[in-house]
Amino acid sequence: MLSLLGIVAIKDPFYFVGDAFYAARKLAKGLYDQNNHLVSRVKSNAVAFAPYVPLGPRKRGRPRLYGDRVQLKHLLSDPKTMQSATSPVYGEDNVTIQYRVSDLLWRPCGRLVRFVAVVHPSRGSCLLMCTDISLDAIEIIRLYGLRFKIEHSFKQAVHRIGSFAYHFWMRDMKPLRRGAGNQYLHRESLDYRNAIKRKILAYHVFIQAGVVCQGLLHYLAVAFPSLVWSSFGSWLRTIRPGVPPSELVVASALRQGLPEFLLNNAESNFLAKFIVERQDPDELEMFRLAT
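Bear in mind the structure is a predicted one, so any value in this text is a computation, not a measurement.

A. Fine view of the nonpolar core. Counting residues in hydrophobic clusters, the biggest one holds 21 residues, and the most contacted among them are L72 and F115. For this core, the secondary structure elements donating two or more residues are α2 (25-33), β2 (37-42), β6 (96-106), β7 (111-120) and β8 (124-130). Those residues in contact with F115, other than ones at most four positions away along the chain, are V42, A48, L72, L75, R100, V101, S102, L104, W106, L128 and M129.

Rendered as structure tokens:
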């Protein structure tokens, strides 16, 4: 992920918002070293430490940094220590949440991290973390709430586009029994290792093609909503004016317009000509009858 962020080459400092998987030393330290910050959720069994407060004169040796150990889930156990506020999450009105802020030392980073314990009346409780201790707790909650917008894109990628429905089998791969563990590729031949790399590359290309398709559907929905709705050719219970169509509607509109596109543009459009020349004659006749 750090390598991908380097490819994007964002010049201004930013906050990386991720789920509990990204609450790790490598990502947090990598972002902080580049003057960026991490906002993520932490697991309920995570621990942190209070800063050590010396009670007497300093002794010889390395100064002690970590004080008492704190189970982060205990931040949710005392409602009296929590504050109330209106939920900053997008799309929520008249919703009151409870939260508690605590700046503690997080051992993977070796520095102070701001933890926010949040109790939502309908969504339950969660523990959030931010490496920027100057960021307000409400802003941390708002930023993490934005992460859920990407979940809808993942759902459409899985169920509508099929971006993760790849099934590429390698004929030369050695069969493994259940529970046999991983293969030790460094013990295999160079040809075998190259074949494995080729198979993994096929996975990546398939997923990237799905991402490109989904992006094109989004573009058509935003740039040509009237044309999409006029070509939809199906029925929906509710069509909200001013709201771009979904991936389902755009895909259906493209599917409805494909026969007419192929038959009327086979001589003038290079893409239509390319498809028609490689199309099964029987299917092309079905397209002609459909139009």
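B. Summary view of the environment of I150. Mapped onto the secondary structure, I150 falls in helix α4 (residues 149-161). Linking I150 and I7, residues 143 residues apart in sequence, is a C-alpha distance of 20 Å.

C. Representation of the pattern of salt bridges. Taken as a whole and judged by the stated rule, the model has 6 salt bridges. One salt bridge connects D103 with R114, and the closest N-O pair in it is separated by 2.8 Å. Of this pair, D103 sits in strand β6 while R114 is found in strand β7, placing the two residues 11 residues apart along the sequence. R142 serves as the salt-bridge partner of E139, at 2.6 Å between the closest nitrogen and oxygen. One end of the pair, E139, and the other, R142, are both in helix α3 (residues 137-146), 3 residues apart, so they sit about a helical turn from each other. Its relative accessible area of 26% is what places E139 among the partly exposed residues. Residue R142 is classed as partly exposed on the basis of its relative accessible area of 31%.

D. Summary view of the side chain of Q156. Residue placement: Q156 occurs in helix α4. Under the relative-accessibility criterion, Q156 is labelled buried at 14%. Ignoring sequence-local partners within four residues, the contact set of Q156 consists of I161, Q214 and E247.

E. Expanded view of a nonpolar patch on the surface. On the surface, a cluster of nonpolar side chains totalling about 360 Å² of accessible area is made up of I150, F154, V158 and F164. With respect to the secondary-structure elements, V158 resides in helix α4.

F. Quick peek at the packing of aromatic side chains. Summed over all chains, the structure comprises 8 aromatic pairs. With centroids separated by 4.7 Å and ring planes inclined at 35 degrees, the aromatic side chains of Y166 and Y203 adopt a geometry described as tilted. Pair noted here: Y166 is in the loop between α4 and α5 (190-223) and Y203 is in helix α5, with a separation of 37 residues, a long-range link. Arranged with centres 5.9 Å apart and planes meeting at 90 degrees, the rings of W229 and F232 form a pair that is edge-to-face. Under the relative-accessibility criterion, W229 is labelled partly exposed at 25%. The exposure class of F232 is buried, given its relative accessible area of 6%. Ring pairing ties together the aromatic residues F16, F21 and Y22, which thus form one cluster. Sitting over the face of the ring of Y32, R111 holds its NZ or CZ atom 3.7 Å from the ring centroid.

G. A look at the packing of α5 against helix α7 (residues 247-264). As a packed pair, α5 and α7 sit with axes 9 Å apart at the nearest point and diverge in direction by 90 degrees. Overall, the two elements α5 and α7 adopt an arrangement that is roughly perpendicular. Each of Q214, L217, H218, L220 and A221 in α5 lies in contact with α7, whose residues at this interface are E247, V250, A251 and L254. Its residues assigned to classes, the contact of α5 with α7 shows 6 nonpolar, 2 polar and 1 charged.

H. Just the environment of P51, in detail. Mapped onto the elements, P51 comes out in strand β3 (residues 47-51). In the structure, P51 is positioned 54 residues away from L105 in sequence and 6.4 Å away in space, judged by C-alpha atoms. Setting aside anything within four residues of it in sequence, one finds P51 in contact with L65, G67, D103, L105 and L112.

Definitions and limits used
- Residues numbered from 1 in each chain as written.
- Predicted model: local features only at pLDDT ≥ 70, side-chain atom pairs only at ≥ 80, totals over all residues.
- Heavy atoms only, no water.
- Core = buried A, V, L, I, M, F, W, Y, C linked by side-chain atoms within 4.5 Å.
- Buried < 20%, exposed > 50% of the residue type's maximum accessible area, 1.4 Å probe, protein only.
- Helix = DSSP H or I, 4+ residues; strand = E, 2+ residues; numbered from the N terminus.
- Contact = heavy atoms within 4.5 Å.
- Salt bridge = Lys/Arg side-chain N within 4 Å of Asp/Glu carboxyl O.
- Patch = residues over 30% accessible without salt bridge, like charges linked within 9 Å, V, L, I, M, F, W, Y side chains within 5 Å.
- Areas by Shrake-Rupley, 256 points an atom, 1.4 Å probe, with all protein chains shown as cover.
- Phe/Tyr/Trp six-rings, centres within 6.5 Å; stacked < 30°, edge-to-face > 60°.
- Lys NZ or Arg CZ within 6 Å of the ring centre and 35° of its normal.
- Axes fitted to C-alpha atoms, helices over the stretch in contact; angles between N-to-C directions.
- Parallel < 35°, antiparallel > 145°, perpendicular 65-115°, else oblique.
- Nonpolar A, V, L, I, M, F, W, Y, C, P; charged D, E, K, R; others polar.

Structural measurements only, silent on function.
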